[in-house]
Amino acid sequence: MAGVETARGLRKTLHDRGMRMTPQRQLVLDAVKALEHATPEQICARVQETAPTVNITTIYRTLDLLDRLGLVRHTHLGHGAPSYSVDEHRHVHLVCHVCGSIQEIPCELLDPLVGTLRERDGFELDASHLALSGTCRDCLTQETE
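Residues numbered from 1 in each chain as written. Predicted model: local features only at pLDDT ≥ 70, side-chain atom pairs only at ≥ 80, totals over all residues. Heavy atoms only, no water.

Engineer: Looking at this structure, I do not really get helix α4 (residues 56–68). What am I missing?
Structural biologist: Each turn of an α-helix holds 3.6 residues, which means side chains three or four residues apart point in the same direction. Helix length check: α4, at 13 residues, gives a terminal C-alpha distance of 18 Å against a target of 18 Å (1.5 Å per residue), a fit within 8%. Along α4, the residues that are buried comprise I59, T62, L63, L65 and L66. Along the axis of α4, the buried positions cluster into a sector of 165 degrees, meaning they face one direction only. Opposite its buried face, α4 presents the exposed residues R61 and R68, each directed more than 90 degrees away. N-capping of α4 is provided by N55, with a side-chain oxygen placed 3.1 Å from the backbone N of T57. (Helix = DSSP H or I, 4+ residues; strand = E, 2+ residues; numbered from the N terminus. Expected span 1.5 Å × (residues − 1). Buried < 20%, exposed > 50% of the residue type's maximum accessible area, 1.4 Å probe, protein only. Arc of directions from axis to C-beta. Polar contact = N/O pair within 3.5 Å; in protein donor to acceptor, adjacent residues only side chain to side chain.)

Dropping the structure here:
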């Protein structure tokens, strides 16, 4: 049923903006939902399981469109390609720059910072679109041993 909801939502969003639904757009959105966090290359590989003729350029264009429509979000988790997830998938990423592990924490943990930035600087932080880099617990433990 979630796939049907996604298809209807995408079709309506596109129609409202004078665009049409294409099978490639639906396949890309379905791949992002299934993979939860994925690079364009991973999304392309998933789409090509069903539609082998879809190329990486189509994937990038479609991801850009879906991002502009607010249906997917991208986050830069390091120096490589961005990682895409569906808009409802909101959390902050903690990226260890030693081992590369990625943890997810609730956005609400940054509420004190969000409030401070709003009051002090008039800045509204979107914590759901954020990756913080540092050193994870395991790597810190190894450093002290």
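On we go.
Engineer: Quick question: what am I supposed to make of the pattern of salt bridges here?
Structural biologist: Pairs can form between side chains of opposite charge once their charged atoms are near each other. Inspection of the entire model under this criterion finds five salt bridges. For R68, the salt bridge is made with D64, and the minimal N-O distance between the two is 3.1 Å. Separated by four residues within a single helix, R68 and D64 lie in helix α4, roughly one turn from each other. Among the ionic pairs, R73 bridges to D126, the shortest N-O distance being 2.5 Å. With R73 in strand β1 (residues 72–75) and D126 in the loop between α5 (111–121) and β5 (131–134), this pair connects stretches of sequence that are 53 residues apart. (Salt bridge = Lys/Arg side-chain N within 4 Å of Asp/Glu carboxyl O.)

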